[in-house]
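Each chain, written out:
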Amino acid sequence: MYGILSLTIVSFLLPDLTYSGKIYQEYQNDYPTNHDYYEADYDDVSENQFDEENKEKETNRTLTFISTPKTFVVNEGDAIKLPCNVDNLENLLIIWKRGNRIITLGEKPYEDDDSRVQVENTVNGNTLVIRLSEEKDAGEYVCQVSSAKPVELKHTVKIIVRPEVESVPKSGLLGVKAGESAELLCKVTRGSPEPDVMWRRKERPMPSGENTLSGLSIIFPETNRHHSGLYTCYADNGWKIPSAATIRLDVQHEPEIEQEMMTVRN
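Residues numbered from 1 in each chain as written. Predicted model: local features only at pLDDT ≥ 70, side-chain atom pairs only at ≥ 80, totals over all residues. Heavy atoms only, no water.

Chemist: Would you mind going over the overall build of the chain in detail, with residue names and values included?
Modeler: Of the regular secondary structure elements, the chain holds two helices and 16 strands. For the chain, the residues scored as buried account for 28% of the 266 residues in total. Within the chain, contacts between residues separated by at least 24 positions form 62% of all contacts whose residues are at least 6 apart in sequence. Accessible surface for the chain amounts to roughly 18,800 Å². Of this, 51% is attributable to carbon and sulfur atoms. (Helix = DSSP H or I, 4+ residues; strand = E, 2+ residues; numbered from the N terminus. Buried < 20%, exposed > 50% of the residue type's maximum accessible area, 1.4 Å probe, protein only. Contact = heavy atoms within 4.5 Å. Areas by Shrake-Rupley, 256 points an atom, 1.4 Å probe, with all protein chains shown as cover.)

If you want it as structure tokens, here you go:
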């Protein structure tokens, strides 16, 4: 009887054991076989090769600049704005340089200590901006696109430096005796390009009749009382406003009596 009972129990449990064995076998099959590893490796190689080919095509393509080389004339203190745009930038990098010095790399200044430099992005390029321009900012700037064959665009910047002028003598006062010569002189102390100097007399023309005279100085070989007055020199090089300095010329002379003719009619 015990033998029959044991046989019955084994026969009853056999389906469960078999079912449990199948579950275990399916769980093991969740790990990839060697064949699966080979396929994964092949897929990775294919994707990497595809990426490399795309990168090579991207860097080997020929770029065309939309921006053209220009000379920018900027007043000292104003912002310099240099454009660099191509037909299709995509993922390429724009580098701005001046000589051997890198100014910007992509969207950021290369050197953090120059707060005047910034980059304004455009659809297919960017604009280099240098705020509060200084005389030292004049020169040649290069926009370079980092393709397999780097292409460059060059701009030239000229800075108009604010002119400064002073009178000689600095006091702005010049006194001479009638009959003596007098020289009115202005000295340009600053400005680029070199300013042109022009003279005007306050509220009247020059003793010789002209409204203006050019040059750093005015020479009167022989003066009289009619030369007295205020003379202003203006130094102009294209900056926003000219620089000015004024000299008062005082011609000392003996009193003169002017006689007026009167006509009396009966």
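Read on, since the account is not over.
Chemist: Requested: an account of the sheet that holds strand β6 (residues 117-122), with residues and values cited.
Modeler: The three strands are arranged β2-β7-β6 in an open sheet whose pairing can be described as antiparallel. The outermost strands of the open sheet, each flanked by one partner alone, are β2 (80-85) and β6. Each adjacent strand pair in this sheet contributes to an overall mean axis angle of 20°, direction not counted. The sheet contact formed by β2 and strand β7 (residues 125-130) spans six bridges and is antiparallel. Note that in β7 the partner of Ile80 across the bridge is Ile130. (Pairing = 2+ DSSP bridges. Axes fitted to C-alpha atoms, helices over the stretch in contact; angles between N-to-C directions.)

Chemist: Which residues make up the nonpolar core, and what values go with them?
Modeler: In this structure, Leu82, Trp96, Leu128, Tyr141 and Val145 are the most contacted members of the largest nonpolar core, which totals 23 residues. Setting aside its immediate chain neighbours within four residues, Leu82 contacts Phe72, Trp96, Asn126, Thr127, Leu128, Tyr141, His155 and Val157. Met206, Phe220, Ala235 and Ile247 belong to the second largest nonpolar core, which has 18 residues in total. (Core = buried A, V, L, I, M, F, W, Y, C linked by side-chain atoms within 4.5 Å.)

Chemist: Lay out the environment of Pro163 in plain terms, naming residues and giving numbers.
Modeler: Relative to the assigned elements, Pro163 resides in strand β9 (residues 151-168). Remark: the alpha-carbon pair of Pro163 and Gly191, spanning 28 residues in sequence, is separated by 3.9 Å. Setting aside residues up to four positions removed in sequence, Pro163 forms contacts with Arg190, Gly191, Pro195, Ala235, Asn237, Trp239, Ile241 and Ser243.

Chemist: Please give an account of the side chain of His155 that cites residues and values.
Modeler: Along the polypeptide, His155 turns up in strand β9. For His155, a relative accessible area of 0% translates into the label buried. Of the polar contacts made by the side chain of His155, one reaches the backbone nitrogen of Lys70; its length is 3.2 Å. Those residues in contact with His155, other than ones at most four positions away along the chain, are Thr68, Pro69, Lys70, Phe72, Leu82, Pro83, Trp96, Gly139, Glu140 and Tyr141. (Polar contact = N/O pair within 3.5 Å; in protein donor to acceptor, adjacent residues only side chain to side chain.)

Chemist: Describe the environment of Gly106, listing the residues and the values that go with them.
Modeler: The topology assignment puts Gly106 in the loop between β4 (101-105) and β5 (108-109). The sequence separation of Gly106 and Ile95 amounts to 11 residues, and the corresponding C-alpha distance is 6.0 Å. With residues near it in sequence (within four places) discarded, Gly106 still touches Leu93, Ile94, Val119 and Asn126.

Chemist: Tell me what's going on with the pairing of strand β16 (residues 243-252), and back it up with residues and numbers.
Modeler: Only one face of β16 is buried, namely the one carrying Ser243, Ala245, Ile247, Leu249 and Val251, since none of Ala244, Thr246, Arg248, Asp250 and Gln252 on the opposite face is buried. The pairing of strand β10 (residues 173-177) with β16 spans five bridges and is parallel. Bridge assignment links Leu173 to a residue of β16, and that residue is Arg248. The sheet contact formed by strand β15 (residues 229-236) and β16 spans seven bridges and is antiparallel. Counterpart to Tyr234 in the pairing with β16 is Ala244. Hairpin remark: β15 followed by β16, antiparallel, with six residues in the connecting loop; positive phi at Gly238, about 100°.

Chemist: Help me get a handle on the sheet that holds β15, residues and values and all.
Modeler: Pairing in this open sheet of five strands is mixed, and the strands run β10-β16-β15-β12-β13 from one edge to the other. With partners counted over all chains shown, the strands left at the sheet margins are β10 and β13 (212-214), one partner each. Neighbour to neighbour, the strand axes of the sheet diverge by 25° on average, direction disregarded. Relative to β13, strand β12 (residues 196-201) is paired through three bridges, and the arrangement is antiparallel. Residue pairing for β13: Met198 is matched across the bridge by Ser214.

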